[in-house]
Amino acid sequence: MHVSRPSLRKRVASSSAGRTVSFFTKIFLSGIAAVAIVALIIELLTGGLSPNCKSNPLDPLCIPGYAVRTLTRMTIAYAFALGFALTYGIATAMSHRASHVLLPLLDIFQSVPVLGVVPVVFLIILGTGSNPPVFNQEVASIILIFTAMAWAPTFGVIAGINAIPTDIKEAAHAYGMHGARYLRQIVLPAVFPELVWSSILAWGGGWYLIPVEEHLSFGQPPNQTQVDLPGIGRFIALAALKADLGLALFGLIVLVGIILAIDRLIWKPLGVRAEKYKYETVAAPRTTATRQSSVVAGVRRYEDRLVSPVLTFFKSERSYAARVLEITRLKRIRHITERLRFPERIGRIPLWGRILSYAIFVGLVILGLIVTIMSRSQSIESGISLLATDVTAFELIAITLLSLSRLVIAYVIALSWTLGAGILIARSQRLSRLLVPIFDIGQSIPATALFPLVVILLVDPFKNSPYLGFTLNLASVLLILTGMQWYLLFNIVGAVNGVPNDILEATAAYRVRGRRFVKEILIPASFPAILIGSIQAWGGGWNALIVSESIGANVSVPGLGSFLVQASSREPALGAVEIYASLLVMTATVLIINRLVWRRLLRKADRYKFEA
Amino acid sequence: MSQTSEPILQIKDIAKIYPGEGKSTTVLDHISFDVYKEFLCIVGPSGCGKSTLLRIIDGLDKPTSGQVLFHGQAITSPSPKVGVIFQTFALIPWKTVLGNVLMAISSASIQKEEQLKIAQKYIQDVGLEGFESSYPKELSGGMKQRVGIARALALQPEVLLMDEPFSSLDALTAENLRREVVDIWRDPAYPTGSVIMVTHNVQEAVEMADRVIVLSARPAKIVDDVKIDLERPRSPRDPVLYDLADRIISKIS
């Protein structure tokens, strides 16, 4: 006994504690320091953003300065996101009572479509002036990136703390670890792996916004507010506006280069490191072990899909087989997002917690509304009365249903073709060789890039025809489809490829083949993946909805998305009320669908999961 | 058990080579043996290719050279006369016990009602009566393997292949199940003549088998072929078994 005690203490302390924390802070601080130093050097070399870059923003020589600025914005937003995640996550996981409110509130926050937040942030930070101060623009841009980054790491922290095994907790308790020591030696190391994975997700979300948030206009010309911040995103946006393919590609390559460099220098080593801090569960059976890939590969793949769909576009030299494999490893992403989005506890929140969390959310929205309207020196009553006369509640419900029906139609189309294609890809090597590159290119084209094509094909020829309404709706559904289908496809392919070897051998040994194999094995095996893919697809669909219903000036179909876009060009007080109202309705709809459909189905999906 | 009759299975000069970049790995190095109406165990150090050999015998895997003959016919794909039991049980999580057992026989041209009767009979035989509508997740490891056994027996196979069937189970459960499997095999009511079991547990092999084939480390070659002529039922704690096991272990290491 006397011998074993100190050695056990040592094991608990050294295997999972001090080193991570110092390593963790070291990495983070050195990351920031590196960015700062590089920024400083480049600024010194180029003499800051020269006046030339202001008058001629497409000068390729300005690129280093742009890169530094974009990266700095990302890093600042990430630092805030990390701070938020750790505070919120630890508070949620450590206090049972607080978690009753914090957990559902977090769930509400992450259900708000990110693109729907854009007008709100604009309204609050930038006001109505046509030329807002640069500092406010920077703040608005960082807040936007933050909203895209914050949720995944927060769920990561909670999942990490929840995953601490009871015996470790008991051991820590037995050796008198409390408070700050417990936090440093047990909680932070436990959180580390999840935080690395979810940070990759967070940066992916951030990169997704970069081409959007640095060059944005909001509202119609008389009241137009313009965000115009020097950065890589604006460079690409401006080049695309000028239809200069060469410069746009140049900007894209630089962006990809930065993403790759961050991946190599930070995420890869961190991912390898993170694996050491995972608590061992029961040794995996051999059959599944053969299918596991190394963390390094996992991190890269992860990033490929989420951070930069563009990346895959540039990897044409890779063999097709490698690409197929790449997709199958999406399995990993699926499991992680699943864990992040649906912590088990969320189903066991008491009623008061739920009500309180909704109340807090609605309170925040109302607070935002008051701040917005006050800053525009308008009275709230006038805004609300304007809303009441202009838009009835009935109308809001009607346009919500219209939007919803578009989403449902797009979803049904997406699900039926991806299920067929996913099974074909997974079943036939030859077909996968043919189809995967096509899909790969397809998914790397952002939905907005298809706009001109859609206008040329479906809008312009029908300008004066009675079918315009139909073609506009068709265009909208098609654009939503582009935002939905890839999530489903890649999740399904991943699931079909992820059927464990022993199950495949058993079905082969008992001669379950052809149709029976598809019906009895493949489709049930993809059921959980279809659900996860559906949740992601609906998230993508809501984002696409906001842009797809308003295809151009005076060319829109009635729905929540076009309502939101039109609201921004209305009389300020009414516009603000409408924006908040539609944001509330949108969030409520997302939440209701999650509760009524996905969460219920997910509970059933448990049976369709293979045992680890 | 008489070896004068025709062999049921003939393993002829099986080699398995995995091509790699630069150098290829030889897993099975020209292995030949005949299988009669007997309980045959294949033992060898872990990773030597025992399981690969078993998969080739069932037609789940293709040998690089050589062939497997079943009553003189070459096996190229799984046969309905061969049942397989897996180390990891390989049960379909969304099928009930009954569904998992039915899976084995529903590709045969038997009437639905008859299939149900057969499945129920074997579920009873392995002692799972009353668990027909349970899902694998609700069962203990031992019970899951009983489902695996019922599924194999429901085929009424002539040959039963077992890949480390007891190594995922706790010691006590494994001991009981070993005895039951031997009893089932000895019961004349079952048509199964040959059992081939792959294991790295030498003690288990000498306790159950009529004959033990000993494989060397990779690339696997047959280093010994030991007949175990002991009375059945055997006691797992019989000192003779320990001597036999010691002799085999010294051959492997």
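Residues numbered from 1 in each chain as written. Chains lettered and ligands numbered in written order. Predicted model: local features only at pLDDT ≥ 70, side-chain atom pairs only at ≥ 80, totals over all residues. Heavy atoms only, no water.

1. Let's talk about the pattern of salt bridges
Residues and elements named next belong to chain B. For the coordinates displayed, the defined rule picks out 16 salt bridges over all chains. For Asp 210, the salt bridge is made with Arg 232, and the minimal N-O distance between the two is 2.8 Å. Taken together, the residues Asp 210 in the loop between helix 6 (202-208) and strand 9 (211-215) and Arg 232 in the loop between strand 10 (222-227) and helix 7 (239-252) connect sequence positions 22 residues apart. The class of Asp 210 is buried, set by a relative accessible area of 13%. (Salt bridge = Lys/Arg side-chain N within 4 Å of Asp/Glu carboxyl O. Helix = DSSP H or I, 4+ residues; strand = E, 2+ residues; numbered from the N terminus. Buried < 20%, exposed > 50% of the residue type's maximum accessible area, 1.4 Å probe, protein only.)

2. Notes on the domain arrangement of chain B
All names here are of chain B. When the domains of chain B are assigned, the result is domain 1 (1-78 + 196-253) and domain 2 (82-156 + 159-192). Centre-to-centre, using C-alpha coordinates, domain 1 lies 23 Å away from domain 2. Taken residue by residue, the interface counts 26 residues in domain 1 and 17 residues in domain 2. Roughly 1900 Å² is buried in total at the junction of domain 1 and domain 2, and carbon and sulfur atoms are behind 61% of that figure. Applying the counting criterion to the domain 1 and domain 2 interface returns three salt bridges. A salt bridge links Arg 55 to Asp 163, with the shortest nitrogen-to-oxygen separation between them at 3.0 Å. Between the two partners, domain 1 and domain 2, sit nine residue pairs in polar contact (both at pLDDT 80 or more). Looking at the side of domain 1 that touches domain 2, the elements with two or more residues in it are helix 1 (50-58), strand 8 (194-199) and helix 6. With six residues, helix 1 is the single largest residue contributor to the side of domain 1 that touches domain 2. Broken down by class, the residue content of the side of domain 1 that touches domain 2 amounts to 13 nonpolar, four polar and nine charged. (Domains from an automatic or database assignment. Contact = heavy atoms within 4.5 Å. Buried area = accessible area lost by both parts, 1.4 Å probe. Polar contact = N/O pair within 3.5 Å; in protein donor to acceptor, adjacent residues only side chain to side chain. Nonpolar A, V, L, I, M, F, W, Y, C, P; charged D, E, K, R; others polar.)

3. Focus: helix 24 (residues 501-509) of chain A
All buried positions along helix 24 of chain A are accounted for by Asp 502, Ile 503, Glu 505, Ala 506, Thr 507 and Ala 509 of chain A. Count one or two residues on from helix 24 of chain A and you reach Arg 511 of chain A, which has phi positive near 55°.

4. Notes on unusual backbone geometry
All names here are of chain B. The residue after Arg 218, namely Pro 219, is reached through a cis peptide bond having omega -5°. Here the residue pair Arg 232 and Pro 233 is connected by a cis peptide bond, since its omega of -5° sits within 30 degrees of zero. Mapped onto the fold, Pro 233 is located in the loop between strand 10 and helix 7. Positive phi values are uncommon outside glycine, yet His 71 reaches one of about 50°. For His 71, a relative accessible area of 44% translates into the label partly exposed. Although it is not a glycine, Ala 90 adopts a positive phi angle of roughly 55°. With respect to the element layout, Ala 90 can be found in the loop between strand 6 (82-85) and helix 2 (97-105).

5. So, the environment of Val 477 of chain A
Residues and elements named next belong to chain A. Here Val 477 lies in helix 23 (residues 468-497). Taking the C-alpha atoms as reference points, Val 477 and Gly 541, 64 residues apart in sequence, are found 9.7 Å from one another. If we ignore the near neighbours within four places in the chain, the residues touching Val 477 are Arg 406, Ile 409, Ala 410 and Ile 413.

6. Considerations on the packing of helix 2 of chain B against helix 3 (residues 112-125) of chain B
Residues and elements named next belong to chain B. With their axes 9 Å apart at the nearest point, helix 2 and helix 3 run at an angle of 120° to one another. Accordingly, the angle class assigned to the pair helix 2 and helix 3 is oblique. Crossing angle aside, the handedness with which helix 2 passes helix 3 is right-handed. Across the interface between the two elements, Val 97, Leu 98, Val 101, Leu 102 and Ile 105 of helix 2 pack against Gln 115, Leu 116, Ile 118, Ala 119, Gln 120 and Ile 123 of helix 3. Grouping the amino acids of the contact of helix 2 with helix 3 by side-chain chemistry returns nine nonpolar, two polar and no charged. (Axes fitted to C-alpha atoms, helices over the stretch in contact; angles between N-to-C directions. Parallel < 35°, antiparallel > 145°, perpendicular 65-115°, else oblique. Left-handed = near helix turned anticlockwise from the far one by under 90°.)

7. Some points on the sheet that holds strand 3 (residues 39-43) of chain B
All names here are of chain B. Reading across from one edge, 6-7-8-3-9-10 is the order of the six strands in this open sheet, with mixed pairing throughout. Lying at the two open borders of the sheet, with one neighbouring strand each, are strand 6 and strand 10. Each neighbouring strand pair of the sheet contributes to a mean axis angle of 15°, computed without reference to strand direction. Judged from the five bridges that link them, strand 9 and strand 10 form a sheet pairing that is antiparallel. Residue pairing across strands places Arg 211 opposite Lys 227, the latter belonging to strand 10. In the packing of helix 7 onto the sheet, contacts are made with strand 3, strand 9 and strand 10, and the angle to strand 10 comes to roughly 170°. (Pairing = 2+ DSSP bridges.)

8. Quick word on the packing of aromatic side chains
All names here are of chain A. A complete count under the given rule lists eleven aromatic pairs over all chains for this structure. Here Phe 109 and Phe 361 contribute two aromatic rings whose centre-to-centre distance is 6.0 Å and whose plane-to-plane angle is 75°, an arrangement assigned as edge-to-face. Linking Phe 109 in helix 5 (residues 96-111) with Phe 361 in helix 18 (residues 351-375), this pair joins segments that are 252 residues apart in sequence. Centre to centre, the rings of Tyr 411 and Trp 538 are 5.8 Å apart; their planes meet at 55°, and the pair counts as tilted. Residue Tyr 411 is found in helix 20 (residues 393-427), and its partner Trp 538 is found in helix 25 (residues 514-548); the two are separated by 127 residues along the sequence. By relative accessible area, Tyr 411 is classed as buried at 12%. (Phe/Tyr/Trp six-rings, centres within 6.5 Å; stacked < 30°, edge-to-face > 60°.)

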